[in-house]
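Structural features, examined
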Amino acid sequence: MVIEDTFTVTTDTGPIAGAAATGGGPDLLMLHGGPGISDYMAVLAEETEGWRGIHYQQRGLAPSTTDGPFTVARHVADAIAVLDALDVRHTVVLGHSWGVHLALQVALAAPERVTGVVLVDGLGPSGDGHAPELGAELRARLTPEEAERCAEIDERLGAPGASDADLVASTALLWGSYFAVRSTAPPMPDGLGASLACAMGTFGSILGEEFADDAFAGKLAHLATPAVVLAGAASPMPVAASEQTARLLPDSELVVIPDGGHLPWHEQPGCVADALGRLRD
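Note that the structure is a prediction, hence the values are computed from the model and not measured. Per chain, the residues get numbers from 1 upward, laid out in the order the sequence is written. Reporting of local features is limited, given that this is a predicted model, to residues whose pLDDT is at least 70; pairs of side-chain atoms are given and counted only at 80 or more, and all residues count toward the totals for whole chains, interfaces and linings. Hydrogens are left out, water is left out, and the side-chain values use all remaining heavy atoms of the structure.

Our focus in this paragraph is the overall build of the protein. By the criteria applied, helices consist of DSSP H or I runs no shorter than four residues and strands consist of E runs no shorter than two, each listed in order from the N terminus. The helix and strand tally for the protein stands at nine helices and eight strands. Throughout, the radius of gyration refers to the C-alpha atoms, and the reference size of a globule is 2.2 Å times the residue count to the power 0.38. The C-alpha atoms of the protein give 18 Å as radius of gyration, which agrees with the globular expectation for 281 residues (19 Å, within 12%). With the principal axes as the frame, the protein shows a C-alpha extent of 50 × 45 × 40 Å. Relative accessible area decides the class of each residue, using a 1.4 Å probe on protein chains only: under 20% of the type maximum gives buried, over 50% gives exposed, and in between gives partly exposed. Looking at the protein as a whole, 52% of its 281 residues qualify as buried. Only heavy atoms enter the contact rule, under which two residues are in contact if any of them lie within 4.5 Å. For the protein, the share of sequence-separated contacts (at least 6 apart) that also reach a separation of at least 24 residues comes to 73%.

Have a look at this one:
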């Protein structure tokens, strides 16, 4: 059982709340996916045993600030504020899904502090990041009845007056599609919340600013930080997205997880621990 101490970091745009494992070990900053959903990185406790796992609720949902700005630059500043507050001088950064992009941005912003990154099934680093393919595959895995309900929710999400509740409903309906086999997917974490404003603002920042003119991809080509890139072979996220990231990074290793979904540690326990071990050895 992992014992954690909670913390709250004050930033000039509101508090950021999280938790850090006690008991020692090298520092590991853990960045959840989304954006705009609840922090779920505690589910990786067994995978991160022996590390001082540090995770926090990204802005958009309580107990962190629910206010913006919801930009990549602000998310990076929040992550570095957490490192500063906990006096972390050197850390490996583990990012999942959208957290992959954030992990790479943190490494670019503070290369002297990030000793390695583990990137788990993230978007590609340019163009549309393969996001449309992800969305299409998530919906293709639904039953006809589920697909009909999903289309209704999608319509609400695209209309004025869309709410956080609509985003939660969409996440709940699509949850099983993130796994290799929907029928064996674990239940969605209790109380998982969502911030539509954060999700829309952050994705707008990624696609409208970071991916413009392949600027982000160009930066990755000069990032010397060692990286292990994990891709689920049965994930709705195309493996091509992770392949593209791994090709750009000068010191990277791509590992495709057999039968792994978007959260590949579910189907293949130990895959994240193994990736972390490659950076620790």
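So, on to the packing of aromatic side chains. Only Phe, Tyr and Trp rings are paired, with Trp represented by its six-membered ring, and only when their centres lie within 6.5 Å; those with planes under 30 degrees apart are stacked, over 60 edge-to-face, the remainder tilted. Summed over the entire model, instances satisfying the criterion amount to two aromatic pairs. For the pair F211 and F216, a centre-to-centre distance of 6.1 Å together with 25° between the ring planes defines the contact as stacked. Look at F211 and you get buried, because its relative accessible area is 5%. Given a relative accessible area of 2%, F216 falls into the buried group. In our convention, an over-ring charge means Lys NZ or Arg CZ found within 6 Å of a ring centre and within 35 degrees of that ring's normal. Over the ring of W51 we find R280, and its NZ or CZ is 5.1 Å from the ring centre.

Okay, the sheet that holds strand 2 (residues 14-21) next. An order of 1-2-4-3-5-6-7-8 is seen for the eight strands of this open sheet, with the pairing classed as mixed. The two strands at the open ends of the sheet, each matched to only one other strand, are strand 1 (4-11) and strand 8 (252-257). For this sheet, the mean angle separating the axes of adjacent strands, direction not counted, is 20°. Where strand 7 (residues 227-232) lies against strand 8, six bridges are found, and the strand directions are parallel. Pairing between strands is defined by DSSP: at least two bridges between the two strands are required. For helices, the fitted axis covers only the stretch in contact; all axes are lines through C-alpha atoms, and the angles between them, taken along N-to-C directions, range from 0 to 180 degrees.

Quick look at the pairing of strand 2 now. Among the eight residues that make up strand 2, seven are buried, leaving the element largely enclosed by the rest of the structure. With eight bridges connecting them, strand 1 and strand 2 associate as antiparallel partners. Along strand 2, the bridge assignment pairs D5 with A20. Hairpin connection, strand 1 to strand 2: the antiparallel pair is bridged by two residues. In this sheet, strand 4 (residues 52-56) lies alongside strand 2 in antiparallel orientation, the contact comprising three bridges. Of the residues in strand 4, the one forming a bridge with G18 is Y56.

Looking at helix 3 (residues 131-140), one finds that the buried residues are L134, G135 and L138. Buried residues of helix 3, viewed axially, fall in a sector of 95°; they line one side. Residues of helix 3 that are buried in the fold lie against helix 5 (164-174). The arc in question is the one traced by the directions running from the helix axis out to the C-beta atoms.

Another point: the packing of helix 1 (residues 72-85) against helix 2 (residues 98-109). Two elements in contact, helix 1 and helix 2, have axes whose closest approach is 9 Å; the angle formed by their N-to-C orientations is 70°. Taken as axis vectors, helix 1 and helix 2 run roughly perpendicular relative to one another. On helix 2, the residues that touch V72, H75, V76, A79 and I80 of helix 1 are W98, H101, L102, Q105, V106 and A109. Classifying every residue of the contact of helix 1 with helix 2 by side-chain character gives eight nonpolar, three polar and no charged. Working definition: roughly parallel below 35 degrees, roughly antiparallel above 145 degrees, roughly perpendicular at 65 to 115 degrees, and oblique for all remaining angles. Note on residue classes: Ala, Val, Leu, Ile, Met, Phe, Trp, Tyr, Cys and Pro are nonpolar, Asp, Glu, Lys and Arg are charged, and everything else, Gly too, is polar.

Two numbers describe how helix 4 (residues 144-157) lies on helix 5: the axes approach to 10 Å, and their chain directions differ by 155°. Between helix 4 and helix 5, the angle is such that the two are roughly antiparallel. Taken as a pair, helix 4 and helix 5 cross one another with a handedness that is left-handed. Here E146, R149, C150, I153, D154, R156 and L157 of helix 4 come into contact with helix 5, specifically with D166, L167, A169, S170, L173 and L174. In this scheme the crossing of two helices becomes right-handed for a clockwise turn of the near helix relative to the far one and left-handed for an anticlockwise turn of less than a right angle.

Salt bridges are counted wherever a side-chain nitrogen of Lys or Arg sits within 4 Å of a carboxyl oxygen of Asp or Glu. Using the criterion set out here, one finds 13 salt bridges in the structure. Between D84 and R113 there is a salt bridge, with the nearest N and O atoms lying 2.7 Å from each other. With D84 in helix 1 and R113 in the loop between helix 2 and strand 6 (114-120), the pair connects residues that are 29 residues apart, well separated along the chain. Residue classification places D84 among the partly exposed residues on the basis of a relative accessible area of 41%. Two residues, R139 and D154, come together in a salt bridge whose shortest N-O distance is 2.9 Å. Within this pair, whereas R139 is found in helix 3, its partner D154 is found in helix 4, the two being separated by 15 residues in sequence. What makes R139 partly exposed here is its relative accessible area of 29%. What you see here is one network of salt bridges that share partners, running through D12, R59, R74 and D78.

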